[in-house]
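Listed below, chain by chain, are the residues.
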Amino acid sequence: MTSKNTICLWYDRNALEAATFYAETFPDSAVLAVHHAPGDYPSGQQGDVLTVEFRVMGIPCLGLNGGPVFQHSEAFSFQVATDDQAETDRLWSAIINNGGQASECGWCKDKWGISWQITPRILSDAIASPDRAAAKRAFEAMMTMSKIDIARIEAALKG
């Protein structure tokens, strides 16, 4: 790892599987290195995959196979800014169809428990709009959605 700041994500023996999925799904993502345990440890044995260095959309990450002790929560998430409905649908479906689960307002969770916000740029722009009435309509429309529907956000903006 050459980055001074790296996100460390805890997994239960499946850090390489998760990193490989992220590398195959998201642009500017890759598995960079796999490190094996030099000795036995509480949740594994010598030779097991201990850590995986990977990048998700340019962000350096380290997957640690630390065992089942700690679980992920929605308090941490990756927010992915999408440019159109096709990209939104592709990323959402990749996560959901690979054992993940849908949530609300553009949130979903992958099968390893990592939370993702698949957020079209138009939604972020709409909520920050100086036209506060339009922002409120877009926000209220978002609050009724699971996966974000860009056409509905655009319609809400227009009133």
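The structure presented is a predicted model; accordingly, all values stated were derived computationally and were not measured.

Overview of the UniProt feature "domain: PhnB-like" (unreviewed entry) in the protein
Item 1. Feature annotation in UniProt assigns "domain: PhnB-like" (unreviewed entry) to the following positions: residues 4-119.
Item 2. Across residues 4-119 one finds 20% helix and 37% strand; the C-alpha atoms that close the span lie 28 Å apart.

Considering the packing of aromatic side chains
Item 1. Counted by the stated rule, this structure contains nine aromatic pairs.
Item 2. With centroids separated by 6.0 Å and ring planes inclined at 65°, the aromatic side chains of Phe21 and Tyr22 adopt a geometry described as edge-to-face. Both residues of the pair, Phe21 and Tyr22, count as buried.
Item 3. Geometrically, the ring pair formed by Phe21 and Trp112 is tilted, given 5.6 Å between the ring centres and 50° between the ring planes. Of the two residues, Phe21 sits in helix H1 (residues 15-25) while Trp112 sits in the loop between strand E7 (107-109) and strand E8 (115-120), which places them 91 residues apart along the sequence. For the pair Phe21 and Trp112, a shared accessibility class is recorded, and that class is buried.
Item 4. One aromatic cluster in this structure is built from Phe21, Tyr22, Phe26, Phe54, Phe76, Phe78, Trp112 and Trp116.

Details of the domain arrangement of the protein
Item 1. Considered domain by domain, the protein is made up of domain 1 (7-65) and domain 2 (77-158).
Item 2. A separation of 27 Å is found between the C-alpha centroids of domain 1 and domain 2.
Item 3. Counting from both sides, the interface comprises 15 residues of domain 1 and, opposite them, twelve residues of domain 2.
Item 4. Taken over both partners, the interface formed by domain 1 and domain 2 buries close to 1,100 Å², and the fraction arising from carbon and sulfur atoms is 79%.

Brief notes about the side chain of Gln117
Item 1. For Gln117, the location among the structural elements is in strand E8.
Item 2. Relative accessible area serves as the criterion here: at 16%, Gln117 is assigned to the buried category.
Item 3. Within the structure, Gln117 has its side chain in polar contact with the side chain of Ser77 (distance 2.8 Å).
Item 4. Excluding residues that lie within four positions of it along the chain, Gln117 makes contacts with Ser77, Phe78, Gln79, Val80, Gly106 and Trp107.

Cut-offs applied
- Residues numbered from 1 in each chain as written.
- Predicted model: local features only at pLDDT ≥ 70, side-chain atom pairs only at ≥ 80, totals over all residues.
- Heavy atoms only, no water.
- UniProt positions renumbered as here; feature names shortened; annotations may be inferred.
- Helix = DSSP H or I, 4+ residues; strand = E, 2+ residues; numbered from the N terminus.
- Phe/Tyr/Trp six-rings, centres within 6.5 Å; stacked < 30°, edge-to-face > 60°.
- Buried < 20%, exposed > 50% of the residue type's maximum accessible area, 1.4 Å probe, protein only.
- Domains from an automatic or database assignment.
- Contact = heavy atoms within 4.5 Å.
- Buried area = accessible area lost by both parts, 1.4 Å probe.
- Polar contact = N/O pair within 3.5 Å; in protein donor to acceptor, adjacent residues only side chain to side chain.

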